[in-house]
Amino acid sequence: MAVTLKDVATLAGVSVKTVSNVVNGYAFVKADNRRRVEEALAATGYRPNMGARNLRRGRTGFIALMVPELSVPYFGELAGLVITAAQQRDWNVLIEQTQGTRDREQASLASLGPHLIDGAIVSPEALEADDFARLDPGVPMVMLGEHAVDFPIDHVAIDNVRAAQQAVGHLVAMGRRRIAAIGQNPHRGTAALRLAGYRAALAEAGLPESGALVAPALNYHRRDGAEAMAALLDGPEPPDAVFCFNDLLAIGALRAAAERGVRVPADLAVVGFDGTEESAYSLPSLTTVAPDKSAIAQRAVELVHRRINAPGAFPPEDVQTPFSLRIRESTTGG
């Protein structure tokens with residue numbers, strides 16, 4: 001038989017209301033009563049009925065997370081961290097995968113309503129301001145990543161320009177002078193910002209920018225990185241370093257270099273972006289820009305929570321979270 005609040009109250013020698021106040025996290029409970037209730041909760045193994053609690057509050061107990069591809073390690077790792085942060089607030093997470101197309105992103109957003117979820121965290125690649133303007137205002141929403149829209153919405157991201165500039169600056173400091181970039185894509189906000197950081201680092205170092213050293217990538221997968229790297233190595237100005245706009249592109253580049261007999265980092269230094277777990281286990285291990293994914297997840301969930309509990313009480317926030325450059329074998333050799 002399930003343990004009830006009344007059972008806990010009887011064991012603790014307090015009222016049911018006092019037990020309820022402790023369970024719901026209210027501060028105005030005497031220290032001695034709180035201690036007795038917490039001991040009784042532990043002794044009885046009481047678990048609150050979240051469904052009933054949410055119904056009383058007019059909540060569903062769910063938030064949505066919309067990402068382009070869970071098969072891309074960055075988004076898979078981020079999704080796990082969002083789930084952990086949401087669980088700390090007794091939320092379950094519904095995950096939508098959009099493949100980064102506007103049609104899929106629009107369809108996912110259109111399906112979200114207050115009857116299904118309490119809030120949403122979205123990482124779009126193609127949505128425009130008009131898409132957000134058509135959303136149900138009853139669903140608090142936070143946007144992740146580099147995609148920019150002219151719409152008042154909470155936004156959590158890192159400074160991609162500065163991060164890319166730091167990564168390329170590291171290559172310059174290692175003595176590299178023909179530095180390529182893989183990942184140019186006019187449909188990705190990520191690409192524009194990281195390309196800007198790449199160009200800023202070259203300008204700061206007094207190095208000329210060559211269009212022949214900037215390679216496009218239709219997608220940000222390993223194959224795209226390998227194909228782009230092969231083209232760069234076959235080009236008129238083979239690079240002595242390459243900055244890749246995500247870790248999968250960089251791992252593909254490592255493969256292409258190995259197949260050509262190009263030594264990393266002796267002949268070619270390689271830097272990625274995303275700080276995924278895979279980057280630490282590539283051979284050689286990959287130097288990479290590592291966004292603080294835990295901070296991104298925590299701040300996004302905090303903002304959703306605040307919007308739910310105080311709708312319209314504060315203006316949209318643009319939050320920048322930390323990043324670091326993890327220097328490994330692909331640029332230092334050891």
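One structure accompanies this document, and this report is about it. Just so you know, these numbers come straight off a predicted model, no measurement behind them. (Residues numbered from 1 in each chain as written. Predicted model: local features only at pLDDT ≥ 70, side-chain atom pairs only at ≥ 80, totals over all residues. Heavy atoms only, no water.)

### Considering the packing of aromatic side chains
Then, in step 1: Under the definition given, this model contains three aromatic pairs.
Then, in step 2: Look at tyrosine 74 and phenylalanine 75: their rings are 5.3 Å apart centre to centre, the planes differ by 80°, and that puts the pair in the edge-to-face class.
Then, in step 3: Judged by its relative accessible area of 14%, tyrosine 74 falls in the buried class.
Then, in step 4: Here phenylalanine 75 falls in the buried class, since its relative accessible area comes to 12%.
Then, in step 5: Each ring, one from phenylalanine 243 and one from phenylalanine 245, has its centre 5.4 Å from the other, and the planes form 50°; the classification is tilted. There is no split in this pair, since phenylalanine 243 and phenylalanine 245 are both buried.
Then, in step 6: Taken together, the ring pairs connect Phe243, Phe245 and Phe273 into an aromatic cluster.
Then, in step 7: Of note, arginine 306 hangs over the ring of phenylalanine 314, and the distance from its end group to the ring centre comes to 3.9 Å.
Then, in step 8: Cation over ring: arginine 307 sits above phenylalanine 314, and NZ or CZ is 3.9 Å from the ring centre. (Phe/Tyr/Trp six-rings, centres within 6.5 Å; stacked < 30°, edge-to-face > 60°. Buried < 20%, exposed > 50% of the residue type's maximum accessible area, 1.4 Å probe, protein only. Lys NZ or Arg CZ within 6 Å of the ring centre and 35° of its normal.)

### Section: the environment of leucine 171
Then, in step 1: Position of leucine 171 among the secondary structure elements: in helix 8 (residues 160-173).
Then, in step 2: You can call leucine 171 buried: its relative accessible area is 0%.
Then, in step 3: Each C-alpha atom of the pair leucine 171 and asparagine 92 lies 42 Å from the other, and the pair is 79 residues apart in sequence.
Then, in step 4: Once residues within four sequence positions are removed from consideration, leucine 171 is found in contact with Arg176, Ile179, Ala241, Val242, Phe243, Ala269, Val271 and Thr331. (Helix = DSSP H or I, 4+ residues; strand = E, 2+ residues; numbered from the N terminus. Contact = heavy atoms within 4.5 Å.)

### Section: the pairing of strand 1 (residues 62-67)
Then, in step 1: For strand 1, a buried count of five out of six residues is recorded, marking the element as mostly surrounded by other parts of the structure.
Then, in step 2: Pairing between strand 1 and strand 2 (residues 92-97): six bridges, direction parallel. Its bridge partner lying in strand 2, methionine 66 is registered against glutamate 96.
Then, in step 3: Remark: the strand 1/helix 5 (residues 73-87)/strand 2 crossover connection has right-handed handedness.
Then, in step 4: Both strand 1 and strand 3 (residues 119-122) contribute to a ladder of four bridges, which runs parallel. The residue of strand 3 that forms the bridge with leucine 65 is isoleucine 121. (Pairing = 2+ DSSP bridges. Right-handed = clockwise from strand over helix to strand, strands pointing away.)

### Brief notes about the nonpolar core
Note on soluble globular proteins: their nonpolar side chains tend to be buried together.
Then, in step 1: Judged by nonpolar contacts, the single largest core of 74 residues is most densely connected at Ile121, Ile179, Ile182, Tyr198, Met229 and Phe243.
Then, in step 2: Top element by residues in this core is helix 11 (residues 247-259). It accounts for eight residues.
Then, in step 3: Sequence-distant contacts of phenylalanine 243, that is, excluding residues within four places in its chain, are made with Ala164, Ala167, Val168, Leu171, Ala180, Ala181, Ile182, Arg194, Tyr198, Val271, Gly272 and Phe273.
Then, in step 4: Met66, Val122, Met141 and Met143 belong to the second-largest nonpolar core, a separate cluster that totals 14 residues. (Core = buried A, V, L, I, M, F, W, Y, C linked by side-chain atoms within 4.5 Å.)

None of this, on its own, says anything about what the molecule does.
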